Amino acid sequence: TIPLPPIHGKSSGKIPPCHPIFRRPMMRRKNILLMIASLVLILVSSYFRYQGLKFVSNDVIVFIFPWYEYVEKYGLREALRHDFLNFNYSLPYLYLIAIANQTSSFLNRGSYTKLFGLLFDIFSAFMIYKIVFHKYREFALSFFAGALFFTLPTIVLNSSYWGQADNTFTAFLL
């Protein structure tokens, strides 16, 4: 066996309860609980996000669907040449939707918009993971922070139910 180093200059042969060797199981337990909580959060969020795919908001009907129809009517290349003043979204977002319109053979209209929201929610959660990991250097805590962001009701409702693009732009600020 390897002898333990003396603690505070004394070597009594007994290991005091505050020794780092006793903290390891506690840290493991905390990390396991954080990982389990993270996975539960992700599963709950995924369930609600899936339920939100069925919902089509008025904003999507009024502002996004006309753009889809415009692209379907004129084709991608021709639609991108026309005036964008009649649409309520920024040009980069309209470009993304126009490109996503090409997937109409296997996705319904409402899902494209929500697909972009989901992708940027995942990107934002990853960036929050990176920020927390940079600060604390703990994988489980960082993963939990990202999972917690991914499960926030405002994030889930905004992208998965309402089909909004807010996080598409905010993700780059992280």
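Residues numbered from 1 in each chain as written. Predicted model: local features only at pLDDT ≥ 70, side-chain atom pairs only at ≥ 80, totals over all residues. Heavy atoms only, no water.

Visitor: Any details on the packing of helix H5 (residues 109-136) against helix H6 (residues 139-151)? Residues and values, ideally.
Guide: For the pair H5 and H6, the least separation of the axes is 8 Å and the interaxial angle reads 150 degrees. Judged by the angle between their axes, H5 and H6 are roughly antiparallel. Crossing geometry of H5 relative to H6 is assigned as right-handed. Of H6, the residues touching H5 (which contributes Leu 118, Asp 121, Ile 122, Ser 124, Ala 125, Ile 128, Tyr 129, Val 132, Phe 133 and Tyr 136) are Phe 139, Leu 141, Ser 142, Phe 143, Ala 145, Gly 146, Phe 149 and Phe 150. For the contact of H5 with H6, the per-class residue count stands at 14 nonpolar, three polar and one charged. (Axes fitted to C-alpha atoms, helices over the stretch in contact; angles between N-to-C directions. Helix = DSSP H or I, 4+ residues; strand = E, 2+ residues; numbered from the N terminus. Parallel < 35°, antiparallel > 145°, perpendicular 65-115°, else oblique. Left-handed = near helix turned anticlockwise from the far one by under 90°. Contact = heavy atoms within 4.5 Å. Nonpolar A, V, L, I, M, F, W, Y, C, P; charged D, E, K, R; others polar.)

Visitor: So what about the side chain of Gln 164? Which residues, and what values?
Guide: In this fold, Gln 164 is placed in the loop between helix H7 (153-161) and helix H8 (166-170). A relative accessible area of 19% places Gln 164 in the buried class. Discounting residues that sit within four places of it in the chain, Gln 164 has contacts with Asp 59, Tyr 89, Asn 158 and Ser 159. (Buried < 20%, exposed > 50% of the residue type's maximum accessible area, 1.4 Å probe, protein only.)

Visitor: Which residues make up the packing of aromatic side chains, and what values do they have?
Guide: Summed over the entire model, instances satisfying the criterion amount to 10 aromatic pairs. With centroids separated by 5.8 Å and ring planes inclined at 40 degrees, the aromatic side chains of Phe 65 and Tyr 68 adopt a geometry described as tilted. Residue Phe 65 and its partner Tyr 68 are located together in helix H2 (residues 58-74), separated by three residues, close to a single helical turn. Accessibility assignment for this pair places Phe 65 and Tyr 68 in one class, buried. Counting every residue linked through ring pairs, the aromatic cluster contains Phe 126, Tyr 129, Phe 133, Phe 139 and Phe 143. Positioned above the aromatic ring of Tyr 136, the side-chain terminus of Lys 135 is 5.8 Å from the ring centre. (Phe/Tyr/Trp six-rings, centres within 6.5 Å; stacked < 30°, edge-to-face > 60°. Lys NZ or Arg CZ within 6 Å of the ring centre and 35° of its normal.)

Visitor: Now, about the pattern of salt bridges: what can you tell me, with residues and values included?
Guide: Under the definition given, this model contains two salt bridges. A salt bridge links Lys 30 to Glu 138, with the shortest nitrogen-to-oxygen separation between them at 3.2 Å. In this pair, Lys 30 is assigned in helix H1 (residues 20-52) and Glu 138 in the loop between H5 and H6, connecting sequence segments 108 residues apart. Here Asp 121 ties to Arg 49 by a salt bridge, and the two come within 2.8 Å at their closest N and O atoms. On the criterion of sequence distance, the pair formed by Asp 121 in helix H5 and Arg 49 in helix H1 is long-range, its members being 72 residues apart. (Salt bridge = Lys/Arg side-chain N within 4 Å of Asp/Glu carboxyl O.)

Visitor: How would you summarise the nonpolar core if you had to cite specific residues and measurements?
Guide: A general trend in soluble globular proteins is that nonpolar side chains are found buried together. Core analysis: the biggest nonpolar cluster contains 17 residues, and Ile 64, Trp 67, Tyr 68, Tyr 89, Tyr 93 and Ile 97 have the highest contact counts within it. Among the secondary structure elements, those contributing two or more residues to this core are H2, helix H4 (91-100) and H5. Counting residues per element, this core draws most heavily on H2, which supplies seven residues. Grouped together as the second largest cluster of nonpolar side chains are seven residues, Ala 125, Ala 145, Phe 149 and Ile 155 included. (Core = buried A, V, L, I, M, F, W, Y, C linked by side-chain atoms within 4.5 Å.)

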